[in-house]
Amino acid sequence: MRQTSLSVDLETAAACRSYIMRVLVITGAGVSAESGIPTFRGEDGYWRNFSAAKLATPEAFERDPKLVWEWYSERRQRISNARPNAGHEAIAKLARQADEFLLVTQNVDDLHFRAGLANEAMVQIHGNIFVTRCCRCDFRRDYNHEHEDVLPRCPGCAALMRPGVVWFGERLPWSELQRVENYLDRGACDLVVVAGTTATFGYIINWALRASRCGGELIEVNPEETPISQFATQLAREPAAIALPRIVDATVSYSH
Ligand SMILES: [Zn+2]
């Protein structure tokens, strides 16, 4: 009996060694909300009685760039004062344990990065609030270079600089899209986790389904039902900061 069990253990160990864990994680505003970053929904969706969803548009910037800059300045400040939560930390831990890993986040803050996730392991599909870019040409730079007493202008073409984020109605950045496509093309994933996003954008559902296409686990973490729920192999109806550490610990102990 003892021998049989030993050989089974060795087999399992051998299988584990050759096993490649390929992971895709997709996160949205719900993950940052638990660090105190306001979402664009409900009561959070207003600033000085302006609707956030309407401020985050090219039209609002054209109409009143100063107002939009002020709003983003406050958001940057709020993010700088916030700290990554247990959900961010669990994702960084999962990245360290996985053989291949990519995070696609809709969040424009730096909380995943500050939790220890390398920039190479993540795609900020809606841009980065700490980057600014020219409205007209390709010039971009770190936000720290801007002096906000005046509306910042491009040193190259003198057009207004704007936050380096994707506004409503704008296209996703091509280079970042390519990084997601390349990762999905290289192979299916064993584990896909979709956390804190209402998954209202078709591309989020598309990526999650493509990544889990060969029978991979598709785990949704969200207190509410979303369009992804019907496809999930596991549902965690809890906030990300509670569910993610548990899910990651279970995955890590299973694969090692
Ligand atoms: Zn320019």
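Residues numbered from 1 in each chain as written. Predicted model: local features only at pLDDT ≥ 70, side-chain atom pairs only at ≥ 80, totals over all residues.

Examining the overall build of the protein
For step 1, the next point in the chain: From N to C terminus, the protein includes 10 helices and 11 strands.
For step 2, the next point in the chain: For the C-alpha atoms alone, the extent of the protein along its principal axes is close to 80 × 40 × 30 Å.
For step 3, the next point in the chain: Going through the 256 residues of the protein one by one, you find that 35% of them count as buried. (Helix = DSSP H or I, 4+ residues; strand = E, 2+ residues; numbered from the N terminus. Buried ≥ 20, exposed ≤ 12 C-beta atoms within 10 Å, placed from the backbone.)

Concerning the pairing of strand β6 (residues 127-134)
For step 1, the next point in the chain: In this structure, β6 lies alongside strand β8 (residues 161-165), joined through 4 bridges in antiparallel fashion. The residue bridging T132 from the neighbouring strand is P163, located in β8.
For step 2, the next point in the chain: Two strands pair when backbone bridges link them, and β6 and strand β7 (residues 140-142) are joined in this way by 3 bridges, in the antiparallel orientation. Note on β7: the bridge partner recorded for T132 is R141.
For step 3, the next point in the chain: Counting the residues that bridge the hairpin from β6 to β7 gives 5 residues. (Pairing = 2+ DSSP bridges.)

Observations concerning the nonpolar core
A general tendency of soluble globular proteins is for nonpolar side chains to be buried together.
For step 1, the next point in the chain: Among the nonpolar cores identified, the biggest contains 45 residues, and I91, V192, V193, A208 and L244 are the most heavily contacted of them.
For step 2, the next point in the chain: When contributions to this core are tallied by element, the ones reaching two or more residues are β1 (22-27), α6 (86-97), β4 (100-105), β5 (122-124), β9 (191-195), α9 (202-211), β10 (217-221) and α10 (240-255).
For step 3, the next point in the chain: Counting residues per element, this core draws most heavily on α10, which supplies 6 residues.
For step 4, the next point in the chain: In this structure, L55, F61, W69 and Y72 belong to the second largest nonpolar core, which totals 6 residues. (Core = buried A, V, L, I, M, F, W, Y, C linked by C-beta atoms within 7 Å.)

Looking at the sheet that holds β6
Backbone hydrogen bonds are what pair the strands of a sheet, in a parallel or an antiparallel way.
For step 1, the next point in the chain: Read across the sheet, 3 strands follow the order β7-β6-β8 without closing on themselves; strand pairing throughout is antiparallel. Looking at which strands have only one partner, the edges of the open sheet turn out to be β7 and β8. Strand-to-strand twist in this sheet, taken as the mean axis angle between neighbours without regard to direction, amounts to 40 degrees.
For step 2, the next point in the chain: Strands in contact with helix α5 (residues 65-81) are β6 and β8; relative to β6, the strand with the most contacts, it is inclined by about 145 degrees. (Axes fitted to C-alpha atoms, helices over the stretch in contact; angles between N-to-C directions. Contact = placed C-beta atoms within 7 Å.)

With respect to the domain arrangement of the protein
For step 1, the next point in the chain: Taken domain by domain, the protein holds domain 1 (4-35 + 84-125 + 172-255) and domain 2 (42-81 + 131-165).
For step 2, the next point in the chain: If you average the C-alpha positions of domain 1 and of domain 2, the two centres end up 30 Å apart. (Domains from an automatic or database assignment.)

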